[in-house]
Amino acid sequence: MKNLAFLLLTIILLQGCDLVEKKVDADPLPSWNDGPSKQAIVEFVTLTTNPDGKYFVPEEERIAVFDNDGTLWSEKPMYFPFEFAFDMVRLHVSEHPEWNEEQPFKGILERDNQAVFSSGEEGILDLLVETHTGMTNAAFKQMVDNWIDTARHDVTGWLYKDMVYKPMLELLDYFRTHQFRTFIVTGGPVTFLQPWSDEVYGIPTEQLIGSRFKLVYEYTDEGPVVFRAPAFEFLNDEGGKVESISYQIGKRPVAAFGNSDGDLAMLQYTSAGEGKRLMVYIHHTDGEREYAYDRESPVGRLDK
């Protein structure tokens, strides 16, 4: 019996070692095709986290920045914050009967996207101001929270918060496992991401950087509140992304991920640093499983 017990214990221990070995050797990016892109990412992480290597990056300097629209989640047929704004117009039209006659609101109600976007930059800004301001910041976040948990993509029927790229979720986890801090640097409204980014991406609100509307502190009968004023404060796109990184992070990233011309400055800024750097463009080439687009696309244009 003693010999049998010893044999069983040995088998259990050997199985345990095998499981540990399999876990260590497991592919950290199973959804990525084996090829130069995956190899470059794994090589970068390996070299920059090796304390004995010449490319070692201390943990406090391991900063990786990611665009959101078209990089971490889909952005077709239009940017999802616009989809949110469209839904808010349809939801609140009874409070604004004038929207039935004014563009771009009339186009939204008639589901005429051409009319919506023919209103130009001024019309789109009016749309965002009307649907993203005029309430407390807490009320807006609740609106976004409700929407992200219920609204569905017109083509796939999926929740918008499920329209994220599995390979990129793996990548975020891979970086964080190796003590990289992951930041989102997006042209979208930063307060649109705040209610759900931690749940979906594992990225806390303090690591979100985006475009913003003016916020105003007020003391009301209900107590202190932060009110969303009807004024656009900062567009976090192109060179603005670099300005925001410099202002809010205060350190140059060592890795940057984007998918459009709006991300070029961020990748250039990252690449100009010393030591090993990683710059990755997500190129949308799969028209069957998602969308195929680049130079001619009005959304996520990749030309430069």
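These lines cover the structure that appears in this document, whether it is placed above or below. Note that the structure is a prediction, hence the values are computed from the model and not measured. Numbering of residues starts from 1 in every chain and runs along the sequence as written. The predicted nature of this model means local features are confined to residues of pLDDT at least 70 and side-chain atom pairs, given and counted, to a pLDDT of 80 or more, with totals for whole chains, interfaces and linings taken over all residues. In computing side-chain properties, one takes all heavy atoms of the structure into account and sets aside hydrogens as well as water.

**Overview of the packing of aromatic side chains**
Put simply, the rule is: In this scheme Phe, Tyr and Trp rings, the latter by its six-membered ring, pair at centre separations within 6.5 Å, and the angle between planes marks the pair as stacked below 30 degrees, edge-to-face above 60, and tilted otherwise. Here, over-ring charges are defined by two tests on the NZ atom of lysine or the CZ atom of arginine: distance to the ring centre within 6 Å, and angle to the ring normal within 35 degrees.
Summed over all chains, the structure comprises 23 aromatic pairs. Stacked on the ring of Y269, the Lys or Arg R252 has its end atom at 4.2 Å from the ring centre.

**Examining the packing of helix 2 (residues 36-48) against helix 8 (residues 166-177)**
The line we're drawing: Lines are fitted to the C-alpha atoms to define the axes, a helix being fitted only along its stretch in contact, and any angle between axes, read from their N-to-C directions, falls within 0 to 180 degrees. Strands are runs of DSSP state E lasting at least two residues, helices are runs of H or I lasting at least four, and both sets are numbered from the N terminus onward. For this classification, under 35 degrees means roughly parallel, over 145 means roughly antiparallel, 65 to 115 means roughly perpendicular, and everything else is oblique. Left-handed describes a crossing in which the near helix is turned anticlockwise from the far one by less than a right angle; the clockwise case is right-handed. Only heavy atoms enter the contact rule, under which two residues are in contact if any of them lie within 4.5 Å.
Interhelical geometry of helix 2 versus helix 8 gives an angle of 15° and a closest axis separation of 11 Å. Considered as vectors, helix 2 and helix 8 are oriented roughly parallel to each other. In this structure, the crossing between helix 2 and helix 8 has a hand that is right-handed. Across from I41, V42, F44 and V45 in helix 2, the residues of helix 8 making contact are L171, Y174 and F175.

**Brief notes about the pattern of salt bridges**
Our working rule: Salt bridge, as used here: a side-chain nitrogen of Lys or Arg that lies within 4 Å of a carboxyl oxygen of Asp or Glu. Only protein chains enter the accessibility calculation, which uses a 1.4 Å probe. A residue is then buried if its area is under 20% of the maximum for its type, exposed if over 50%, and partly exposed in between.
For the coordinates displayed, the defined rule picks out 15 salt bridges. Across the pair D34 and K38 runs a salt bridge, and its minimum N-O distance is 3.2 Å. Owing to a relative accessible area of 6%, K38 belongs among the buried residues under this scheme. Taken together, the shared-partner salt bridges connect D27, D34 and K38 into one network.

**Some words on the packing of helix 11 (residues 239-249) against helix 12 (residues 264-271)**
Inclusion rule: Three residue categories are used. Nonpolar comprises Ala, Val, Leu, Ile, Met, Phe, Trp, Tyr, Cys and Pro, charged comprises Asp, Glu, Lys and Arg, and polar comprises the others, including Gly.
Two numbers describe how helix 11 lies on helix 12: the axes approach to 6 Å, and their chain directions differ by 50°. As the angle between them shows, helix 11 and helix 12 are arranged oblique. As for how helix 11 packs across helix 12, the hand of that crossing is right-handed. For the pair helix 11 and helix 12, the contacting residues are G239, K241, V242, I245 and S246 in the first and A265, M266 and Y269 in the second. For the contact of helix 11 with helix 12, a count of residues per class yields five nonpolar, two polar and one charged.

**Quick word on the environment of A265**
For A265, the position within the fold is in helix 12. Beyond its immediate chain neighbours, meaning those up to four positions away, A265 contacts E238, G239 and V242.

**Comments concerning the nonpolar core**
Note the cut-off: Only buried residues count toward a nonpolar core, which is a set of Ala, Val, Leu, Ile, Met, Phe, Trp, Tyr and Cys residues joined through side-chain atoms within 4.5 Å.
Counting 44 residues, the largest nonpolar core has W73, M168, L171, F175, W196, Y201 and F257 as the members making the most contacts within it. Top contributing element to this core by residue count: helix 8, with five residues. Sequence-distant contacts of L171, defined by excluding residues within four places in its chain, comprise L29, W32, I41, F66 and F257. Of all hydrophobic cores here, the second largest spans 15 residues; its members include A85, I108, V116 and L127.

**Topic: unusual backbone geometry**
Glycine aside, the phi torsion of most residues is negative, and most peptide linkages are trans. Here the amide bond leading from K76 into P77 is cis, since omega sits at 5°, within 30 degrees of zero. Here P77 shows up in the loop between strand 1 (63-66) and helix 3 (80-92). Omega for the peptide link from Q103 to P104 comes to 5°, which places this bond in the cis form. Position of P104 among the secondary structure elements: in the loop between helix 3 and helix 4 (105-109).

**A few points about the side chain of E170**
Stated formally: In summary, the charge assignment counts Lys and Arg as positive and Asp and Glu as negative, without counting His or the chain termini.
Its place among the elements puts E170 in helix 8. Of the side chains with opposite charge, K166 lies nearest to the buried E170, which makes no salt bridge, at 4.7 Å.

**Examining a negative patch on the surface**
Condition: For patch detection, residues must exceed 30% relative accessible area and be free of salt bridges, and they are connected within 9 Å for like charges or within 5 Å for nonpolar side chains (Val, Leu, Ile, Met, Phe, Trp, Tyr). Throughout, the Shrake-Rupley method with a 1.4 Å probe supplies accessible areas, and for residues the shown protein chains are the sole cover considered. Taken as the charge location is NZ of Lys, CZ of Arg, CG of Asp or CD of Glu.
A surface patch of like charges, here negative, comprises E98, E101, E102, E122, D126 and E130. Summarising the element assignment, D126 is placed in helix 6 (residues 120-132).

**Overview of the sheet that holds strand 4 (residues 223-234)**
Which entries qualify depends on this criterion: We treat two strands as partners when DSSP finds at least two bridges between them.
One open sheet accounts for six strands, arranged 4-3-2-1-5-6; its pairing is mixed. Edge positions in the sheet fall to strand 4 and strand 6 (278-281), since each of these pairs with one other strand and no more. The mean inter-strand angle of the sheet, taken between neighbouring strand axes irrespective of direction, is 30°. Relative to strand 4, strand 3 (residues 208-220) is paired through eight bridges, and the arrangement is antiparallel. When the bridges of strand 4 are listed, Y217 appears paired with V226.

**Topic: the environment of S119**
As a reminder, the rule being used: What qualifies as a polar contact is a pair of N or O atoms within 3.5 Å, subject to a donor-acceptor requirement within protein and to the restriction that residues adjacent in sequence count only when both atoms come from side chains.
Following the sequence through the fold, S119 ends up in the loop between helix 5 (113-117) and helix 6. Each C-alpha atom of the pair S119 and V144 lies 25 Å from the other, and the pair is 25 residues apart in sequence. Setting aside residues up to four positions removed in sequence, S119 forms contacts with P104 and I124. In this structure the side chain of S119 is engaged in a polar contact, spanning 2.5 Å, whose partner is the backbone oxygen of V116.

**Description of the pairing of strand 1**
Alternating positions in strand 1 separate into two faces, I63 and V65 on one and A64 and F66 on the other, with burial throughout. Where strand 1 lies against strand 2 (residues 181-189), four bridges are found, and the strand directions are parallel. Residue pairing across strands places A64 opposite T182, the latter belonging to strand 2. Strand direction decides the pairing type here: strand 1 and strand 5 (residues 255-258), joined by three bridges, are parallel. The residue of strand 5 that forms the bridge with F66 is F257.

Function-wise, these values are silent; they only describe arrangement.
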